[in-house]
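# Understanding the architecture of this molecule
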Amino acid sequence: MTAFTMKWLPNSTCLKTFCLLIIATALIVSCATNKSFRNAEQALKNKNWDVAVAEYSRVLATDPNNAEVKLKLNMVKVFASRWHYEEAQRRLKENKLQEAVMELALANDLDPENRAASDEYDRVQKLIEHNAPTLKPEEPVERPMSELPTVALQPEFNPKPGVSIELKFKDTSLREV
């Protein structure tokens with residue numbers, strides 16, 4: 001009976017090697033994930049949206065249940081989409097239709113809810129199909145705040161020159177503020 005038991009139980013050297021291999025693999029994956037996360041955070045800080053999207057996507061591939069990474073990935077996708085849309089507008093002003101349509105396609109892929117990019121993509125595609133020699137740029141349409149994704153909204157403070165700012169705090173002294 002003892003001989004039978006020994007056959008299916010791995011010897012201690014084999015078991016130790018297997019455990020070390022599992023631990024080493026886990027450490028390598030963890031280090032790679034941490035490096036990707038640090039790279040993504042640095043790209044976010046530098047407003048390098050495409051790199052941030054790629055790095056957060058790598059982190060999410062190894063840790064698909066990470067809510068923070070999911071949120072940040074969605075946020076940087078919106079910012080990247082806006083950047084590509086603005087880049088497309090610059091290309092359109094230079095009458096570079098093919099480059100503009102590629103930027104608009106990227107903007108649509110990153111944020112399918114970006115209606116301005118989607119509409120502009122359709123418009124430029126029609127111009128390319130009809131071999132339009134010149135392009136009249138459309139005036140940008142201001143979207144109401146209610147249409148913008150809430151994850152991308154960040155408060156901005158743009159005071160008008162020459163206008164004083166008045167702050168009021170109810171039932172609070174200046175020291176408490």
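Okay, so let's go over this structure. Every chain begins its residue count from 1, and numbering advances along the sequence as written. The predicted origin of the model limits local features to residues at a pLDDT of at least 70 and limits the giving and counting of side-chain atom pairs to 80 or more, whereas totals for whole chains, interfaces and linings rest on all residues. Here the side-chain values reflect all heavy atoms present in the structure, with hydrogen atoms and water set aside.

## Regarding the overall build of the protein
- When helices and strands are tallied, the protein shows 6 helices and 0 strands.
- Of the regular secondary structure in the protein, the N- to C-terminal order runs α-α-α-α-α-α.
- By the burial criterion, 27% of the 177 residues in the protein qualify as buried.
- By definition, residues are in contact when any of their heavy atoms lie within 4.5 Å. Summarising the internal contacts of the protein: among those between residues at least 6 apart in sequence, 49% fall at separations of at least 24.
- For every accessible area listed, the method is Shrake-Rupley and the probe measures 1.4 Å; residues are considered covered only by the protein chains on display. For the protein, the exposed area adds up to about 13,700 Å²; of that, 58% sits on carbon and sulfur atoms. Here a strand is any run of E in DSSP of at least two residues, a helix any run of H or I of at least four, and the numbering for each starts at the N terminus. Burial status follows relative accessibility: with a 1.4 Å probe on protein chains alone, a residue under 20% of its type maximum counts as buried, one over 50% as exposed, and anything between as partly exposed.

## Focus: the nonpolar core
- Grouped together as the largest cluster of nonpolar side chains are 16 residues, with contacts concentrated most on Leu44, Trp49, Val53, Tyr56, Leu73 and Val76.
- Each residue touching Val76, except ones within four places of it in the same chain, is listed here: Leu44, Trp49, Ala52, Val53 and Tyr56.
- Here, nonpolar core means buried Ala, Val, Leu, Ile, Met, Phe, Trp, Tyr and Cys residues that are tied together by side-chain atoms lying within 4.5 Å of each other. Core analysis: the second largest hydrophobic core is formed by 11 residues, Tyr85, Val101, Ala107 and Ala117 among them.

## Concerning the pattern of salt bridges
- The working definition used for a salt bridge is a side-chain nitrogen of Lys or Arg within 4 Å of a carboxyl oxygen of Asp or Glu. One pass over the full model with this rule turns up 9 salt bridges.
- Linking Glu94 and Arg91 is a salt bridge whose minimum nitrogen-to-oxygen distance equals 4.0 Å.
- With a shortest N-O distance of 3.3 Å, Glu94 and Lys96 are connected by a salt bridge.
- Relative accessible area serves as the criterion here: at 43%, Glu94 is assigned to the partly exposed category.
- Each member of the salt-bridge network shares a partner with another, and the members are Glu87, Arg90, Arg91, Glu94, Lys96 and Glu99.

## Structural notes on helix α4 (residues 67-93)
- The length a helix should cover is 1.5 Å for every residue beyond the first. Compared with the 39 Å implied by 1.5 Å per residue over 27 residues, the 40 Å span of α4 between its first and last C-alpha is a close match.
- Positive phi shows up at Asn95, right after α4, with a value of about 65°.

## Here's the deal with the packing of aromatic side chains
- Stacked, edge-to-face and tilted are the three classes for Phe, Tyr and Trp ring pairs, Trp counted by its six-membered ring, which pair at centre distances within 6.5 Å; planes under 30 degrees apart are stacked, over 60 edge-to-face, the rest tilted. Using the criterion set out here, one finds 2 aromatic pairs in the structure.
- Residues Trp49 and Phe79 carry aromatic rings whose centres are separated by 4.8 Å and whose planes lie at 25° to one another, so their mutual orientation is stacked. Taken together, the residues span a long stretch of sequence, with Trp49 in helix α3 (residues 49-62) and Phe79 in helix α4 at a distance of 30 residues. The exposure classification of Trp49 matches that of Phe79, with both residues buried.

## Things to note about the side chain of His84
- Locating His84 in the fold gives a position in helix α4.
- Looking at His84, its side chain comes within polar contact range of the side chain of Asp50, at 2.9 Å.
- Sequence-distant contacts of His84, defined by excluding residues within four places in its chain, comprise Asp50, Glu103, Leu106, Ala107 and Leu110. Identification of polar contacts relies on pairs of N or O atoms within 3.5 Å, with a donor-acceptor requirement for protein atoms, meaning one able to donate a hydrogen and the other able to accept it, and with residues adjacent in sequence counted only if both atoms are side-chain atoms.

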